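For reference, the chains in residue letters:
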Amino acid sequence: MSRPIAIVVSSFTKLTDQRSRTSGNFSTKWFSSCSSMDIEVTVDGVINNDLTFSLAIDKGGNDELKFSEVRNGSRLAYVDSNTFYICEVKSPLTQKKNFTVTIKPI
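Worth saying up front: this structure is predicted, and the values here are computed from it rather than measured. (Residues numbered from 1 in each chain as written. Predicted model: local features only at pLDDT ≥ 70, side-chain atom pairs only at ≥ 80, totals over all residues. Heavy atoms only, no water.)

Mapped onto the elements of the fold, Asn48 is located in the loop between strand E3 (46–47) and strand E4 (52–57). Judged by relative accessible area, which is 7%, Asn48 ranks as buried. Only 2.8 Å separates the side chain of Asn48 from the backbone nitrogen of Leu51, close enough to count as a polar contact. (Helix = DSSP H or I, 4+ residues; strand = E, 2+ residues; numbered from the N terminus. Buried < 20%, exposed > 50% of the residue type's maximum accessible area, 1.4 Å probe, protein only. Polar contact = N/O pair within 3.5 Å; in protein donor to acceptor, adjacent residues only side chain to side chain.)

Written as structure tokens, this is what we have:
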């Protein structure tokens, strides 16, 4: 098992004064060969297949939405960025809890 690119804890609700952001910026820079990123989503340590979210890149006001409808098991093209963030979280869960996204290199 290889080391993850990133492990991000995110909120179900937007961060204060941050439009639709539910996480702070995080990096996906990887220093080995990588063409894709596999996504694992957990709530309270248990895999969650119901939650979806988007990934955007902070460009100082003109943010770029890179991926929509991301969920557990998604395989995304590798993007090298220091300023990714999670936004637009959707979940049918009635009890909204923080969740963890683990991004693994492929």
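Counting through the fold element by element, Tyr78 comes out in the loop between strand E6 (75–77) and strand E7 (84–90). Setting aside residues no more than four positions away along its own chain, Tyr78 makes contact with Ile5, Thr28, Lys29, Trp30, Cys34, Ser35, Ser36 and Met37. Only 3.0 Å separates the side chain of Tyr78 from the backbone oxygen of Thr28, close enough to count as a polar contact. Among the polar contacts made by the side chain of Tyr78, one reaches the main-chain amide nitrogen of Trp30 at a distance of 3.0 Å. (Contact = heavy atoms within 4.5 Å.)

Further remarks concern the pattern of salt bridges. By the definition in use, this model includes nine salt bridges. Among the ionic pairs, Glu64 bridges to Lys59, the shortest N-O distance being 3.2 Å. The exposure class assigned to Lys59 is partly exposed, which follows from its relative accessible area of 48%. Glu69 is paired through a salt bridge with Lys90; the nearest N and O atoms lie 3.3 Å apart. Here Glu69 is found in strand E5 (residues 64–70), whereas its partner Lys90 is found in strand E7, with 21 residues between them in sequence. Because the salt bridges share partners, they merge into one network encompassing Arg21, Asp58 and Asp63. (Salt bridge = Lys/Arg side-chain N within 4 Å of Asp/Glu carboxyl O.)

The full count for this structure, using the stated rule, is three aromatic pairs. For the pair Phe26 and Phe84, a centre-to-centre distance of 6.0 Å together with 20° between the ring planes defines the contact as stacked. Here the residue Phe26 occupies a position in the loop between strand E1 (6–10) and strand E2 (36–43), and Phe84 occupies one in strand E7, the gap between them amounting to 58 residues. For the pair Phe26 and Phe84, a shared accessibility class is recorded, and that class is buried. Each residue in the set Phe26, Phe67 and Phe84 is aromatic and connected to the rest through ring pairs, giving one cluster. (Phe/Tyr/Trp six-rings, centres within 6.5 Å; stacked < 30°, edge-to-face > 60°.)

Next up on the list: the pairing of E4. The buried count for E4 comes to six of six residues, which makes it a mostly enclosed element. Side chains of E4 alternate between two faces, with Thr52, Ser54 and Ala56 and Phe53, Leu55 and Ile57 buried alike. In terms of strand pairing, E4 meets E7 through five bridges, oriented antiparallel. Across the sheet, Thr52 pairs through a bridge with Lys90, a residue of E7. (Pairing = 2+ DSSP bridges.)

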